[in-house]
Amino acid sequence: MARMKFMATKSPKIPPAPPVPVLKPEDGRGSDSVVLERRPQKTKPPQMHQVVLLNDDYTPMEFVVVVIQEFFNKDRDTATQIMLKIHLDGKGICGVFSKDVAATKVDQVTEAARKNGHPLQCVSEPIE
Ligand code: TYC
């Protein structure tokens, strides 16, 4: 659309808000070119939390593998690898979630462990 010219007799009392998109006649693409302004992003993505299982000397390996499969949707081989990593390193990440979902995972794993008489520890920690 061609830019319209107005002969204003009186200037308005309230200046109009700067137009978005901005028309830039000097950009070499003609007066109809539309330039979209880049606005800084206001909302940050939500902070994510990793759910970590800690090693102990009493919880059976099989129980940990089943927990990782059931609560973290891992297949048997992946769950076994994660369990062995925890067993050897002392801890291991089972999944990364929003804060609320991570807290729910911790509660579910802890409840399952206590119901079965195991001391398994599960914690959530913010990442980055
Ligand atoms: N260390 C335990 C055992 O030898 C196994 C185990 C693995 C326990 C991972 C907890 O998060 C854990 N029975």
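All figures in this text were calculated on a predicted structure; none of them were measured in a lab. (Residues numbered from 1 in each chain as written. Predicted model: local features only at pLDDT ≥ 70, side-chain atom pairs only at ≥ 80, totals over all residues. Heavy atoms only, no water.)

Considerations on the pattern of salt bridges
Here is step 1 of the chain: Per the counting criterion, the structure on display carries 4 salt bridges.
Here is step 2 of the chain: Here glutamate 37 ties to arginine 39 by a salt bridge, and the two come within 3.2 Å at their closest N and O atoms.
Here is step 3 of the chain: For glutamate 37, a relative accessible area of 41% gives the class partly exposed.
Here is step 4 of the chain: Accessibility expressed as a relative area gives 54% for arginine 39, which makes it exposed.
Here is step 5 of the chain: One salt bridge in this structure joins glutamate 62 and arginine 76, with 2.7 Å as the shortest N-O distance. (Salt bridge = Lys/Arg side-chain N within 4 Å of Asp/Glu carboxyl O. Buried < 20%, exposed > 50% of the residue type's maximum accessible area, 1.4 Å probe, protein only.)

Considering the site of the ligand
Here is step 1 of the chain: The full set of residues close to the ligand is Leu54, Asn55, Asp56, Thr59, Met61, Val64, Met83, Ile86, His87 and Leu120.
Here is step 2 of the chain: At 2.9 Å, a backbone N or O of threonine 59 approaches a nitrogen atom of the ligand.
Here is step 3 of the chain: For the ligand, the accessible surface in isolation is 340 Å², of which the surrounding protein chains cover 89%.
Here is step 4 of the chain: Those elements giving two or more residues to the shell around the ligand turn out to be helix H1 (61–72) and helix H2 (76–89).
Here is step 5 of the chain: With 3 residues, the single largest contributor to the shell around the ligand is H2.
Here is step 6 of the chain: Per-class residue counts for the shell around the ligand are 6 nonpolar, 3 polar and 1 charged. (Near = heavy atom within 4 Å. Polar contact = N/O pair within 3.5 Å; in protein donor to acceptor, adjacent residues only side chain to side chain. Areas by Shrake-Rupley, 256 points an atom, 1.4 Å probe, with all protein chains shown as cover. Helix = DSSP H or I, 4+ residues; strand = E, 2+ residues; numbered from the N terminus. Nonpolar A, V, L, I, M, F, W, Y, C, P; charged D, E, K, R; others polar.)

A few points about the confidence of the model for the chain
Here is step 1 of the chain: Here the chain shows a mean pLDDT of 84. Residues at 70 or above account for 76%.
Here is step 2 of the chain: Across residues 1–12, where pLDDT falls below 50, the model places 5 contacts with residues more than four positions away in sequence or in other chains.
Here is step 3 of the chain: For residues 21–28, every residue scores under 50 in pLDDT, and the model assigns this stretch 20 contacts once sequence neighbours within four places are set aside. (pLDDT = per-residue confidence, 0-100. Contact = heavy atoms within 4.5 Å.)

A short note on the packing of aromatic side chains
Here is step 1 of the chain: Taken as a whole and assessed by the stated rule, the structure comprises 1 aromatic pair.
Here is step 2 of the chain: Summarising the aromatic geometry, the rings of phenylalanine 72 and phenylalanine 97 are spaced 6.2 Å apart at their centres and angled 40 degrees between planes, so their arrangement reads as tilted. One end of the pair, phenylalanine 72, is in helix H1; the other, phenylalanine 97, is in strand E4 (residues 91–98), and 25 residues separate them in sequence.
Here is step 3 of the chain: The exposure class assigned to phenylalanine 72 is buried, which follows from its relative accessible area of 5%.
Here is step 4 of the chain: A relative accessible area of 17% means that phenylalanine 97 is categorised as buried. (Phe/Tyr/Trp six-rings, centres within 6.5 Å; stacked < 30°, edge-to-face > 60°.)

Remarks on the nonpolar core
Here is step 1 of the chain: Val51, Leu53, Ile68, Phe72, Cys94, Val109 and Leu120 are the most contacted members of the largest nonpolar core, which totals 21 residues.
Here is step 2 of the chain: It is H1 that contributes the most residues to this core, 6 residues altogether.
Here is step 3 of the chain: Apart from the residues within four sequence positions on either side, phenylalanine 72 is in contact with Val51, Val67, Cys94, Gly95, Phe97, Lys105 and Val109. (Core = buried A, V, L, I, M, F, W, Y, C linked by side-chain atoms within 4.5 Å.)

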